[in-house]
Amino acid sequence: MMNLLETDNRTEANASDSDGASASPGGTCSLSTGSAVGAAPPGRWLHRAAVVLVAMVWPLIWIGGQVTTYAAGMAVPDWPGTYGYNLFLYPYQTWLFGPFDLFIEHGHRLLAALVGMVAIVTVALAWLVEPRRWVRWLTVLLLVAVIGQGLLGGVRVILAARTLAMLHGCTAEIFFALCVTLMAVTSRWWWQQDSAKSPRAPTNGPGERVPGRGVIVAASALVVAAYLQVVLGAQLRHVQPTASPGGFTHLVATHLVTAVVVLGLALGIAWRLWTLVRSRTETSGGCGVLALLKPAWLVVSLVWLQIGLGLATWVSRYGVPTFAQVGPRSSSYLVKSQAFVESLIITGHVATGALVLVTATFLLLRMLRFRHTRLSLLAPTASGT
Amino acid sequence: MPLSRHLVFWSLSLLIGWGSGCDSPTDRFPPNELFARVVVHPFSGEFERASTDVGRLVESLFGTPDSPSIPDRLLAAGDGEPLLDPQRLARASGPVSSDREGLNFGIYRAQCVVCHGLSGDGFGPAAALQNPYPRDFRSGVFKYKSTTRGSKPTRDDLRRLLVHGIPGTGMPSFARQPEDDREALIDYLIYLSIRGEVERRLLAWSVEELGYGEADGPTSAEDSLVLLDSGRLASDELAEQVDEILEQVVDSWLRPEPVAVPTPPTWDVSELASAAARGRELFHGPLANCASCHGTDGDGSAVTLDFDDWTKEFTTRLGVAPSDPIVRDFRRAGALRPRPISPRKLSWGNFRGGSDPDSLYRLLTVGIAGTPMPGLLVTAEPGGVGVTPDQVWDLVAYLQSLSADAPAPAPRSAE
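Reading the values: rules and limits
- Residues numbered from 1 in each chain as written.
- Chains lettered and ligands numbered in written order.
- Predicted model: local features only at pLDDT ≥ 70, side-chain atom pairs only at ≥ 80, totals over all residues.
- Heavy atoms only, no water.
- Helix = DSSP H or I, 4+ residues; strand = E, 2+ residues; numbered from the N terminus.
- Contact = heavy atoms within 4.5 Å.
- Areas by Shrake-Rupley, 256 points an atom, 1.4 Å probe, with all protein chains shown as cover.
- Domains from an automatic or database assignment.
- Buried area = accessible area lost by both parts, 1.4 Å probe.
- Salt bridge = Lys/Arg side-chain N within 4 Å of Asp/Glu carboxyl O.
- Polar contact = N/O pair within 3.5 Å; in protein donor to acceptor, adjacent residues only side chain to side chain.
- pLDDT = per-residue confidence, 0-100.
- Axes fitted to C-alpha atoms, helices over the stretch in contact; angles between N-to-C directions.
- Parallel < 35°, antiparallel > 145°, perpendicular 65-115°, else oblique.
- Left-handed = near helix turned anticlockwise from the far one by under 90°.
- Phe/Tyr/Trp six-rings, centres within 6.5 Å; stacked < 30°, edge-to-face > 60°.
- Buried < 20%, exposed > 50% of the residue type's maximum accessible area, 1.4 Å probe, protein only.
- Nonpolar A, V, L, I, M, F, W, Y, C, P; charged D, E, K, R; others polar.
- Patch = residues over 30% accessible without salt bridge, like charges linked within 9 Å, V, L, I, M, F, W, Y side chains within 5 Å.
- Lys, Arg positive; Asp, Glu negative; His and termini not counted.
- Charge placed at Lys NZ, Arg CZ, Asp CG, Glu CD.

**So, the overall build of chain A**
The number of helices and strands found in chain A is eleven helices and two strands. What you see in chain A, going N to C, is helices and strands ordered as α-β-β-α-α-α-α-α-α-α-α-α-α. Partitioning the contacts of chain A with sequence separation of at least 6, the portion at a separation of at least 24 is 78%. Surface summary for chain A: the accessible area is close to 16,300 Å², and the carbon and sulfur share equals 71%.

**Notes on the domain arrangement of chain B**
How big an interface is tends to be stated in terms of the accessible area lost upon association of its parts. Residues and elements named next belong to chain B. Taken as a whole, chain B is organised into domain 1 (3–252) and domain 2 (269–306 + 341–401). Distance from the C-alpha centre of domain 1 to the C-alpha centre of domain 2: 35 Å. With 15 residues of domain 1 in contact, the opposing surface of domain 2 contributes 16 residues. Buried surface at the junction of domain 1 and domain 2, summed over both partners, amounts to about 1,200 Å²; 52% is from carbon and sulfur atoms. Ranking the residues of domain 1 by area buried against domain 2 places Lys143, Tyr144 and Arg149 at the top, with a combined share of 51%. There are zero salt bridges connecting domain 1 and domain 2. Where domain 1 packs against domain 2, one counts five residue pairs in polar contact (both at pLDDT 80 or more).

**A short note on the confidence of the model for chain A**
All names here are of chain A. Averaged over chain A, the pLDDT score is 83; the fraction of residues at 70 or greater is 82%. Here residues 1–27 scores under 50 on pLDDT; set against residues more than four positions off or in separate chains, the count is 54 contacts. Low confidence marks residues 198–207, where pLDDT is under 50. Its contacts with residues over four positions away, or in another chain, come to 27 contacts.

**Some points on the packing of helix H4 (residues 100–129) of chain A against helix H5 (residues 133–159) of chain A**
All names here are of chain A. Their axes nearest at 8 Å, the elements H4 and H5 cross at an angle of 160°. Accordingly, the angle class assigned to the pair H4 and H5 is roughly antiparallel. For H4 against H5, the interelement crossing comes out left-handed. Contacts between H4 and H5 pair Glu105, Arg109, Val115, Gly116, Ala119, Ile120, Thr122, Val123, Ala126 and Trp127 from the former with Arg136, Trp137, Thr139, Val140, Leu143, Val146 and Val157 from the latter.

**A look at the packing of aromatic side chains**
All names here are of chain A. Per the counting criterion, the structure on display carries 18 aromatic pairs over all chains. Summarising the aromatic geometry, the rings of Trp58 and Trp62 are spaced 6.0 Å apart at their centres and angled 85° between planes, so their arrangement reads as edge-to-face. One end of the pair is Trp58 and the other is Trp62, both in helix H2 (residues 44–69) and four residues apart, which spans about a single turn. Here Trp62 falls in the partly exposed class, since its relative accessible area comes to 24%.

**Points about unusual backbone geometry**
In this structure, the amide linkage connecting Asn131 of chain B to the following residue, Pro132 of chain B, adopts the cis form with an omega of 0°. Within the fold, Pro132 of chain B resides in the loop between helix H7 (113–116) and helix H8 (155–164). Of note in this structure, Tyr83 of chain A is not a glycine but carries a positive phi near 45°. The residue Tyr83 of chain A is located in the loop between H2 and helix H3 (92–97) in this model. We classify Tyr83 of chain A as buried; its relative accessible area is 18%.

**A look at the interface of chain B and chain A**
With 57 residues of chain B in contact, the opposing surface of chain A contributes 59 residues. Approximately 4,700 Å² of surface area, both sides summed, lies buried where chain B meets chain A, with 65% of it carried by carbon and sulfur atoms. At the boundary of chain B and chain A, one finds zero salt bridges. Our count for the chain B to chain A interface comes out at 13 residue pairs in polar contact (both at pLDDT 80 or more). Elements that contribute at least two residues to the side of chain B that touches chain A include exactly helix H1 (2–15), strand S1 (97–98), helix H6 (107–111) and H7 of chain B. A total of eight residues in the side of chain B that touches chain A trace back to one element, the largest contributor, which is H1 of chain B. A per-class count over the side of chain B that touches chain A returns 28 nonpolar, 22 polar and seven charged.

**Comments concerning a nonpolar patch on the surface**
Taken together, the side chains of Tyr85, Phe88, Leu89, Leu114 and Met117 of chain A make up a nonpolar region of the molecular surface, amounting to roughly 500 Å² of accessible area. Relative to the assigned elements, Met117 of chain A resides in helix H4.

**As for a negative patch on the surface**
Together, Asp236, Glu237, Glu240 and Glu244 of chain B line one region of the surface with negative charge. Its place among the elements puts Glu244 of chain B in helix H10 (residues 236–254).

**Focus: the environment of Leu189 of chain B**
Residue and element names in this part refer to chain B. Position of Leu189 relative to the elements: it lies in helix H9 (residues 179–208). Considered as a pair, Leu189 and Gly120 are 69 residues apart in the sequence and their alpha carbons are 7.8 Å apart. In this structure, Leu189 is in contact with Phe137, Phe142 and Leu158, ignoring residues within four places of it in sequence.

**Digging into the packing of H9 of chain B against H10 of chain B**
The geometry of a pair of packed helices is captured by two quantities: the angle between their axes and the separation between those axes. All names here are of chain B. With their axes 10 Å apart at the nearest point, H9 and H10 run at an angle of 135° to one another. In terms of orientation, H9 and H10 fall into the oblique class. In this structure, H9 crosses over H10, and the sense of that crossing is right-handed. Here H9 contributes Ile190, Ser193, Ile194, Glu197, Val198, Arg201, Leu202 and Trp205 to the contact with H10, which in turn contributes Leu238, Gln241, Val242, Ile245, Leu246, Gln248, Val249, Val250 and Trp253. The residue makeup of the contact of H9 with H10, split by class, is twelve nonpolar, three polar and two charged.

**Examining the pattern of salt bridges**
Residue and element names in this part refer to chain B. Overall, the coordinates contain 24 salt bridges over all chains when judged by the stated rule. Note that Arg91 and Asp181 form a salt bridge whose closest N and O atoms lie 2.5 Å from each other. Note that Arg91 is positioned in helix H5 (residues 86–92) and Asp181 in helix H9, a separation of 90 residues in sequence. A salt bridge links Asp309 to Arg317, with the nearest nitrogen and oxygen atoms 3.2 Å apart. Judged by its relative accessible area of 28%, Asp309 falls in the partly exposed class. Three or more residues are tied together by salt bridges with common partners; here these are Arg88, Arg155, Asp156, Arg159, Glu183 and Asp187.

Put into structure tokens, the structure is as follows:
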């Protein structure tokens, strides 16, 4: 143990565990809101830019989803201009007070352009303040992705191609996940994990346990399954007019089965992390796993919400299925085309799906980081004993 | 750095995640292979030739999904107001877009195609998951209307359907859509139905008269439906017959027969109650015998096994049981899995054709076209095989009393 004290003294002041989690003498973990005291990690501005990006991309996905829900993808026939105007010079009166589908489509383009600009700033910031080379390249990847995404959206309009609209929807979520990745790897928590090597970090106890390979695999599978759901959902939303009923039915079935898989994985991961927290507090008082348990809980809640929204989406779009028509109200439910509340439910299902994906990604990244830093910490100890 | 490798791995595997490809073609209406199979079935011959030749002929008359055309005879039809308006048709057809003023185009594809299919065949992508199945417009049979059982609906009927939708099914209300859009949809709906029915009649005629479907089939251009390079048929005689078929279908849309509804009696509250009691008697009695299908007090408990006409067409009417494996051939040609039709549970209210007294009166005297729901025979005098108009009103009173929770207005009572 002592050798560790000598080798790592970077953030000695970080006595309490990361992410505001601390162990009380009684051995239970509590989540305090006060952030850990520690030297400010480098690249704070890059992190802030990443947070801004995340905060902008989610609404962007909402609006993009509304474009599809309202079949407004072709509300503006040209690109990159809007009805011959430069994107930024299109008269705002006709935009704000014109037809609704033009309002959302043009708004989607404007917000997307803004995200592109923030992405440029992000790259600049990264090359100024970020010490890790791969993170700098990650921001470049982000910029390339947002440009590609814009082009894809444009080509979709020019070719009037539904398939490209579907791809555009699928790549949007990858871009969102990339933004969250940048946010995660530039966060204070991320930097603080190195300080876990500090002797006063309560993670070096004899009962120390890190998430095993199994949970990591499960979290990876969760990311894959969540993305598969995105792709399946996009195919349902952008179904071709001549697609066969058999194929569509098959897609719906797969979407439902994968939903159960996603829920099962999320519950399994949360449960496993919870047992880790419990066993840790009993033996060592370390509460670092809480930083994993919290996003895992979030994923579980989001998945439940998402399942509810999915069912509501079906009902809003296709009415109450026969097996669920159990009374006068359910058997007389009327589907309303392009009703506003229903459109929010449908698009909310898209947006929450994106949240499930990025929260799962966030969880996976944290798990990898946590496991990696703790294991590299334990390894010399193990060899020393 | 292991993490960066992870990132690369994920990015790559996620990118490969989507299947790519192009839009499926919408440049042609799919031919009615299902009905071609049905008419060829007794001859157990080749159905593809009939469906292809008739499909081309129909295309020369009606155009394509992206640019529909109206045959001259149809354009000229209608006294005063034409049956179809080319501009409205253009708005409803083609790919989805909208212009700067918010005028929508491709409305059918934006709103309807996912269930009703490109050609109105009721075989859209989401069709198999609907109950009842989305309507196949091509046979020209409509359930909810103010006209006689065999008649076409009026424009008003279709208008009402689009505004109110059909509660309890996937059929939405388009009340929020601009009125122009709904009008355009009505034109397109009539267009699809006429187009589909002409195609069906041509198929039947080509098999019965021209020898399509038989092994040798029509041999010379003179008696086949293959179009010449000029876009015409080889023989004037054939062209005349095609025109006649077109005329018959168009005529049926021009002159739908309305069902007359007599003035309802005026009842006070106690008279209304006794009318409902008499109606209940009739409902369960031998004359109307509604309970045999709808169950005691319309609770839907009666066990029945029947199918709608769209299903019967390729099953029982061909002597094929709906469970027969041969049905798979028809399903491959564009039919959905046969699903029994169940008489509705009436105690929950929600009459799809309308809960107002007039609609219910019509429902009871006409029945529901395309389904086993029969119409009552109305006679002026009581006794015998029919019911009197007053007895029908009794039944209406009973139906409305059944669904106390339903938002149905009571029959006009004198207050």
